[in-house]
Each structure stands twice: as C-alpha cells, then as structure tokens.
Amino acid sequence: MEGPTVTVQDIMRYIIWREGCAHPFRISRSLVLANWRALDSTGKIMAPFGVEGFEAGFAVPEIEEIRTRMREGREPCVRMNEERKCLQYVCREPVVIPREHSEILDRVLEETRGMDDVSLNRLVIRDPRYRELLARGGFR
C-alpha cells in the first residue's frame, strides 16, 4: 500500500489557512473527521497522526509539534493569535494539498463550521470508530 501524499502538518496548515484562525481543539476534531471521510471514500487515510485521550475527549500530539516549530521560527506562516487563542495563517500564498484531500477537508470544515465545541466533540467521540481509534493511539 502506498503511503500518504501529505503529512499531518500539511493538513493542519491547510485547515488553519482555510479557517484564517483555527483553535487546536477544532483542528484536532477536523483531522479525525477528515481521516474517517478519506477512509470511507478512498479506503486510506490522508495522513497518520496520534490520538491521545479518553472516552470524553482527546488531543492530537502533532498539533503541539506544529506549535513548537512555530515558537522556534520553523513554521513561518503560522502564528498564535493570543487575543483569539487560535493558530493563524499569516502568509500570502495559499496552502496547496492534493485535491482529493482538500475536497474532503473543505466539506468537513463547512459541515462543522456552525457547531459549537461540545457538539463538534460529540460528533467525534460518539462515532463507533472512536473507541478503536483511542485503543490504537491514532491513525498509524
């Protein structure tokens, strides 16, 4: 089986770019939903990443990695918007990922845009695949 064509960092940058400013909580839920959608439609995930948590919620460790790279100056297009507490895309050029992935991500972002955080979290943790995802430690 061939590997993913993008990294989870590419996907996170895309989400932040599309949303303008995205909170790590919402990024993590969008990542999981998008990978599930990709699995459903193509039979493979977009990119591997970890999922650490418990029945009521989780975190994606790779989000902290992008924040670390940002603080070290190795993530020039992403900044923390302290006022809004979200990751903000600050470069002019768009983030380009393969169309098969951007279409799935765009749909997920559009479908979840009006949801509050509790509803978005429930959408993920009430999915029958969630418990197995936690047991495996993410998409590997």
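As a reminder, the structure under discussion sits directly above these lines.
Conventions we followed
Residues numbered from 1 in each chain as written. Predicted model: local features only at pLDDT ≥ 70, side-chain atom pairs only at ≥ 80, totals over all residues. Heavy atoms only, no water. Axes fitted to C-alpha atoms, helices over the stretch in contact; angles between N-to-C directions. Helix = DSSP H or I, 4+ residues; strand = E, 2+ residues; numbered from the N terminus. Parallel < 35°, antiparallel > 145°, perpendicular 65-115°, else oblique. Left-handed = near helix turned anticlockwise from the far one by under 90°. Contact = heavy atoms within 4.5 Å. Nonpolar A, V, L, I, M, F, W, Y, C, P; charged D, E, K, R; others polar. Disulfide = S-S within 2.5 Å. Buried < 20%, exposed > 50% of the residue type's maximum accessible area, 1.4 Å probe, protein only. Pairing = 2+ DSSP bridges. Salt bridge = Lys/Arg side-chain N within 4 Å of Asp/Glu carboxyl O.

Undergrad: I'm lost on the packing of helix 1 (residues 8-19) against helix 4 (residues 99-112) in this one. Help?
TA: With their axes 11 Å apart at the nearest point, helix 1 and helix 4 run at an angle of 50° to one another. Considering their axes alone, helix 1 and helix 4 lie oblique with respect to each other. Our pair here, helix 1 against helix 4, has a crossing hand that is right-handed. Together, Ile11, Tyr14, Ile15, Arg18 and Glu19 of helix 1 and Ser102, Leu105, Asp106 and Leu109 of helix 4 make up the contact between the two elements. Tallied by class, the residues present in the contact of helix 1 with helix 4 amount to five nonpolar, one polar and three charged.

Undergrad: Where do I start with the state of the cysteines in this structure?
TA: Here, the word disulfide means a covalent bond between the sulfur atoms of two cysteines. Throughout the structure, instances matching the rule amount to two disulfides. Note on cysteine connectivity: Cys21 is disulfide-linked to Cys86, with sulfurs 1.8 Å apart. Measuring handedness by torsion sign, the sulfur bridge of Cys21 and Cys86 sits at about 85° and is right-handed. Separated by 65 residues along the polypeptide, Cys21 in strand 1 (residues 21-22) and Cys86 in strand 6 (residues 86-89) bring together distant segments of the chain. Cys86 carries the same exposure label as Cys21, and that label is buried. Each sulfur of the disulfide joining Cys77 and Cys91 lies 1.9 Å from the other. Judged by the sign of its S-S torsion, about -90°, the cystine formed by Cys77 and Cys91 is left-handed. Taken together, the residues span a long stretch of sequence, with Cys77 in the loop between helix 3 (61-71) and strand 5 (78-81) and Cys91 in the loop between strand 6 and helix 4 at a distance of 14 residues. On the accessibility criterion, Cys77 (12% relative accessible area) is buried. Classification of Cys91 as partly exposed rests on a relative accessible area of 23%.

Undergrad: Help me understand the pairing of strand 5 in this model?
TA: It is a general feature of regular strands that their side chains alternate between the two faces of the sheet. Bridge count for strand 5 against strand 6 is four bridges, and the pairing is antiparallel. Bridge pairing in strand 6 places Asn81 opposite Cys86. Taken together, strand 5 and the strand that follows it, strand 6, pair antiparallel across an intervening segment of four residues, in which Lys85 is found at a positive phi of about 60°.

Undergrad: Is there a simple way to explain the pattern of salt bridges in this structure?
TA: Applying the stated rule across the entire model yields 18 salt bridges. Note that Arg13 is salt-bridged to Glu75, the shortest N-O span being 2.5 Å. With a gap of 62 residues between them, Arg13 in helix 1 and Glu75 in the loop between helix 3 and strand 5 connect regions that are remote in the sequence. One salt bridge connects Arg18 with Asp106, and the closest N-O pair in it is separated by 3.4 Å. Note that Arg18 is positioned in helix 1 and Asp106 in helix 4, a separation of 88 residues in sequence. One network of salt bridges, with partners in common, ties together Asp10, Arg13, Arg69 and Glu75.

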